[in-house]
Amino acid sequence: MTAPVRCFVTARRPARRMLALAVWLAAQAGARAATPAVSELPQAPLQVATAPSASAAASATPPAVPSAASVAAPFFDRLGERARTMAGQPYAPVPSRTPQALKDLSYDQARDIRFRPDHAVWRSLGLPFELMFFHLGKYQTEPVRMHELSPDGERALPYRPEDFDYGANTALQPAAWGDIGHAGFRVHYPLNGSAYKDELIVFQGASYFRALGAGQHYGLSARGLAVDSAGGSGPEEFPRFTDFWVVRPEAGAKVLTVFALLDSPRVAGAYRFDIQPGQSTAVNVKARVYLRQTTQPIRTLGVAPLTSMFQFGENQPNKDDFRPEVHDSDGLMVASGTGEWLWRPLQNPRWPLVTSFAMPSLRGFGLMQRDRSFASYEDPEARYEKRPSAWVTPVGDWGAGRVELMQLPTPDETNDNIVAYWVPAQMPAAGQPLDLAWRIDWQGDAQQRPPALWVSQTRAGRGFAPLAAGERQFVIDFNGTVGGKPLPDNAAVQAVVSSNDAGRITEQNVYRVDATGAWRLTLRVQTLDPARPVELRAYLRSGADTVSETWTQILPPQ
């Protein structure tokens, strides 16, 4: 099982996310093959508020002109009803009409097809947001249907050959293809200055999207839903957004609203995204999901999934690479409803590794990129220090469940091998709605921290003293403040360290590092049963007070 690709034509490296893409494409092909008759749902426009008629305009009291907000307000419920109807019917994939000539393109040929910026949706209106589309081809062969919502009603945004520059692909004949749909779209906004509209967010591939705050570079992605990423009886299922409706913003708008329809063999859903750009761009998500009645029930329903990459870092260095670290995220942070904050450093395991944190309620979780220094990466092209963290905050009470972390082996940086999501303890019955909402903050240097000391680095390896057979040493630095104030230099700080019965703590020591102001914990652990994982937990305490988040690490079976 491999994490799905986030294959964007704007990808930095040609091979980026290619390994995992094959899994999703195979899943899509399998779903189509398993469907005896392919048919589309009727594509009658959903009803939206429209502009006043000519007769109304002639009346003595002119009616109010509908705003973008009034257009969007009732649309989600109607889209949810459509998803409910879909879930009550057998799954019918949207037929792909991607010409064979586009499927046969090489990676570089597909990249040579570019949207013409002067054709951007809303460019001529001078609105703050603009839309540009991705062309189908090579790996992206599943079409999405695009629509605009405005006070004038619903308008299709079809594929038009004249919107694209085909570069050196002179043999292609796009005029003969008709409306084949788009591969996805991106939103532009003056994020870093008024002179230029930067990329703000991209929706492309399955239910993937990724966003940027000011000064950030693309890194990890989010998804609408994850189905049986782990724990299922078959391959992972990748629901996909088949249709998008983008609400035309008003002049001076600071928020863009996007609706999406999600579909897959075992689930259908309606989504609303309210995108607010800024130093930390916020994406507020509202979802209404329905499970289909199938012979293969869903085992793991992953809510608010995040997907990232970790090849190596300070906790798992690579002696053959000149760069100290290569990753889009370096740890999973979890805030439990009980008040505990957890930090688990990511790793690149030798085989798939799935762990979880069960809790009665959730305050938030995220895949974070805490190392923000160029010296941590030394990569002037990738600029990993500028890649965002993504922090998920539930809206309302999600109830009991678990945060699950899946880590997959990867030989290089071209594959997403990290997935994190929330799994509710109770899933809805087939045909019953699961209504959830959450906020994703795409954060740079200013990012979510616990209210106490936080782990700034985890290092592994011996010092001067040698290690015994089966013994490992970790060095963990804690930085920050407690209640907004730094701990006194002479504070009486103790470490509380524990292991499951597969390991034994042989040594622990905590002290302040004068050079940095960090509180450093060194610990050694002896593996007692090489066939079992060792689960470690450690936090700092001063007197009766907990003064740090909980560092937690798993040592995979040997």
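Residues numbered from 1 in each chain as written. Predicted model: local features only at pLDDT ≥ 70, side-chain atom pairs only at ≥ 80, totals over all residues. Heavy atoms only, no water.

A. View of the overall build of the protein chain. Looking only at helices and strands, one finds 6 helices and 33 strands in the protein chain. For the protein chain, the residues scored as buried account for 55% of the 558 residues in total. Here the contacts in the protein chain between residues at least 6 apart in sequence split such that 69% fall between residues at least 24 apart. (Helix = DSSP H or I, 4+ residues; strand = E, 2+ residues; numbered from the N terminus. Buried < 20%, exposed > 50% of the residue type's maximum accessible area, 1.4 Å probe, protein only. Contact = heavy atoms within 4.5 Å.)

B. Geometry of the sheet that holds strand 27 (residues 471–479). Sheet architecture is open: 4 strands sit in the order 26-27-30-29, paired in antiparallel fashion. The strands lining the two open edges of the sheet, one partner per strand, are strand 26 (454–460) and strand 29 (503–512). Shown here is a sheet whose adjacent strand axes are inclined to one another by a mean of 20°, direction ignored. Bridging between strand 29 and strand 30 (residues 519–527) involves 9 bridges; their strand directions are antiparallel. Looking across to strand 30, one finds that Q508 is bridged to L523. (Pairing = 2+ DSSP bridges. Axes fitted to C-alpha atoms, helices over the stretch in contact; angles between N-to-C directions.)

C. Representation of the packing of aromatic side chains within the structure. Under the definition given, this model contains 22 aromatic pairs. Here F241 and Y271 contribute two aromatic rings whose centre-to-centre distance is 5.3 Å and whose plane-to-plane angle is 75°, an arrangement assigned as edge-to-face. Separated by 30 residues along the polypeptide, F241 in strand 11 (residues 240–247) and Y271 in strand 13 (residues 267–276) bring together distant segments of the chain. A relative accessible area of 1% means that F241 is categorised as buried. In textbook terms, an aromatic cluster arises when at least three aromatic residues are bridged by ring pairs, as seen for F185, F203, F209, F241, F244, Y271 and F273. Across from the ring centre of Y139, 5.2 Å away, lies the NZ or CZ of K138, which sits over that ring. (Phe/Tyr/Trp six-rings, centres within 6.5 Å; stacked < 30°, edge-to-face > 60°. Lys NZ or Arg CZ within 6 Å of the ring centre and 35° of its normal.)

D. Here's a closer look at the nonpolar core. Ranked by size, the top nonpolar core spans 87 residues in total, and within it F185, Y271, F273, F365 and W438 carry the most contacts. Counting 29 residues, the second-largest nonpolar core is a separate cluster that includes L487, A495, W519 and L555. (Core = buried A, V, L, I, M, F, W, Y, C linked by side-chain atoms within 4.5 Å.)

E. Spotlight on the pattern of salt bridges. In total, this model carries 35 salt bridges according to the counting rule given. The salt bridge involving R186 is made with E199; its shortest N-O contact spans 3.7 Å. Residue R186 is found in strand 6 (residues 184–189), and its partner E199 is found in strand 7 (residues 198–204); the two are separated by 13 residues along the sequence. Residue R186 shares its accessibility class with E199, and that shared class is buried. Note that R372 is salt-bridged to D445, the shortest N-O span being 3.2 Å. In this pair, R372 is assigned in the loop between strand 21 (362–368) and strand 22 (389–395) and D445 in the loop between strand 25 (434–443) and strand 26, connecting sequence segments 73 residues apart. (Salt bridge = Lys/Arg side-chain N within 4 Å of Asp/Glu carboxyl O.)

F. Main features of helix 4 (residues 75–87). Here helix 4 spans 19 Å end to end across 13 residues, near enough to the 18 Å set by a 1.5 Å rise per residue. Among all positions in helix 4, only F75, F76, L79, G80, R82, A83, M86 and A87 are buried. Projected down its long axis, helix 4 carries its buried residues within an arc of 160°, all on one side. (Expected span 1.5 Å × (residues − 1). Arc of directions from axis to C-beta.)

G. Fine view of the side chain of E549. Residue position: E549 is located in the loop between strand 32 (545–546) and strand 33 (550–555). Separated by 2.7 Å, the side chain of E549 and the backbone nitrogen of V455 make a polar contact. E549 has contacts with M333, W341, L342, W343, R370, P450, L453, W454, V455, F478, A538 and Y539, leaving out every residue within four places of it along the chain. (Polar contact = N/O pair within 3.5 Å; in protein donor to acceptor, adjacent residues only side chain to side chain.)

H. Fine view of the environment of L362. With respect to the helices, strands and loops of the structure, L362 is situated in strand 21. Taking the C-alpha atoms as reference points, L362 and W398, 36 residues apart in sequence, are found 7.0 Å from one another.

I. Representation of unusual backbone geometry. Although it is not a glycine, A206 adopts a positive phi angle of roughly 50°. Inspection of the secondary structure puts A206 in the loop between strand 7 and strand 8 (208–211). Judged by relative accessible area, A206 falls into the buried class, the value being 9%. Positive phi is not limited to glycine here, since D228 has a value of about 55°. By the secondary structure assignment, D228 is in the loop between strand 10 (225–227) and strand 11.

J. Just the pairing of strand 20 (residues 353–359), in detail. Alternating positions in strand 20 separate cleanly, L353, T355, F357 and M359 being buried on one face and V354, S356 and A358 remaining unburied on the opposite face. Taken together, the 7 bridges between strand 20 and strand 23 (residues 401–407) define a ladder with antiparallel strand orientation. In the strand pairing of strand 23, F357 is matched with V403.

K. Inspection of the confidence of the model for the protein chain at higher detail. Of the residues in the protein chain, 88% have a pLDDT of 70 or more, and the chain-wide mean is 89. Across residues 1–45, confidence stays below pLDDT 50; counting only partners more than four residues off in sequence or on other chains, it has 124 contacts. Confidence drops under a pLDDT of 50 for residues 47–63, and excluding neighbours within four residues, the segment shows 18 contacts in the predicted structure. (pLDDT = per-residue confidence, 0-100.)

L. Spotlight on the pairing of strand 33. Here strand 33 lies mainly inside the structure; 6 of its 6 residues are buried. Side chains T550, T552 and I554 project from strand 33 onto one buried face, and the interleaved W551, Q553 and L555 project onto a second face that is buried too. Here strand 19 (residues 341–345) pairs with strand 33 via 2 bridges, running parallel. From the neighbouring strand, W343 faces strand 33, where its bridge partner is W551. Direction of pairing for strand 31 (residues 534–542) relative to strand 33: antiparallel, over a ladder of 5 bridges.

M. Representation of the environment of H147. When you line up the elements, H147 lands in strand 3 (residues 145–150). Sequence separation of H147 and F244 is 97 residues, and the distance between their C-alpha atoms is 6.0 Å. If we ignore the near neighbours within four places in the chain, the residues touching H147 are E154, R155, A156, L157, D243, F244, W245 and V246. One polar contact links H147 to E154, side chain to side chain, over a distance of 3.4 Å. Engagement of the side chain of H147 in a polar contact is seen with the side chain of D243, the distance being 3.5 Å.

N. Fine view of the environment of K103. For K103, the position within the fold is in helix 5 (residues 100–103). Classification of K103 by relative accessible area gives partly exposed; the value is 34%. Remark: the alpha-carbon pair of K103 and Y139, spanning 36 residues in sequence, is separated by 7.3 Å. Excluding its chain neighbours within four sequence positions, the residues that come into contact with K103 are T98, K138 and T141.

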